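# Structural description and commentary
One-letter residues, chain by chain:
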Amino acid sequence: MKIEAIKAAVDADQTVHWANTGYIVHKDALGQYLITYCHGGSTIGLTDQSGTRLNGDEAEFYVAGATNDQ
């Protein structure tokens with residue numbers, strides 16, 4: 001998934017995962033898009049500081065329950 005598609009899915013209240021179901025992409029109260037590991041609470045930004053490069057491969061992001069053909 002591309003950055004904008006990930007953000008749009010999160011904004012539409014869809015569950016977006018990175019790599020596996022243990023990682024969830026969400027938006028915090030400040031409007032930042034983050035990736036959190038559910039079992040330990042570790043969190044990183046969805047992108048690098050420039051906001052143009054994902055912190056992970058596009059192919060590793062997917063919407064829960066959706067076919068990932070991106």
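Read on for a plain summary of the structure. Since this is a predicted model, take the numbers as computed values, not measurements.

## Overview of the overall build of the protein
When helices and strands are counted, the protein shows one helix and five strands. Written out in order from the N terminus, the α and β elements of the protein read α-β-β-β-β-β. By the compact-globule yardstick of 11 Å for 70 residues, the protein fits well, its C-alpha radius of gyration being 11 Å. In the protein, which comprises 70 residues, the proportion classed as buried is 27%. Taking the contacts inside the protein whose residues are at least 6 apart along the sequence as the reference set, 38% of them involve residues at least 24 apart. Of the roughly 4,500 Å² of accessible surface on the protein, a fraction of 48% belongs to carbon and sulfur atoms. With 4 positive and 9 negative side-chain charges, the protein shows a separation of 5 Å between the mean positions of the two kinds.

## Some points on the pairing of strand β3 (residues 33-37)
Of all five residues that make up β3, four are buried, and the element is covered over most of its length. In this sheet, β3 lies alongside strand β2 (residues 20-27) in antiparallel orientation, the contact comprising five bridges. Bridge pairing in β3 places V25 opposite I35. In the sheet, β3 pairs with strand β4 (residues 43-45) via three bridges, with the strands oriented antiparallel. The residue bridging L34 from the neighbouring strand is G45, located in β4. Connecting β3 to the next strand, β4, in antiparallel fashion are five residues, including G41 with a positive phi near 85°.

Parameters at a glance
- Residues numbered from 1 in each chain as written.
- Predicted model: local features only at pLDDT ≥ 70, side-chain atom pairs only at ≥ 80, totals over all residues.
- Heavy atoms only, no water.
- Helix = DSSP H or I, 4+ residues; strand = E, 2+ residues; numbered from the N terminus.
- Rg over C-alpha atoms; globule rule 2.2 N^0.38 Å.
- Buried < 20%, exposed > 50% of the residue type's maximum accessible area, 1.4 Å probe, protein only.
- Contact = heavy atoms within 4.5 Å.
- Areas by Shrake-Rupley, 256 points an atom, 1.4 Å probe, with all protein chains shown as cover.
- Lys, Arg positive; Asp, Glu negative; His and termini not counted.
- Charge placed at Lys NZ, Arg CZ, Asp CG, Glu CD.
- Pairing = 2+ DSSP bridges.

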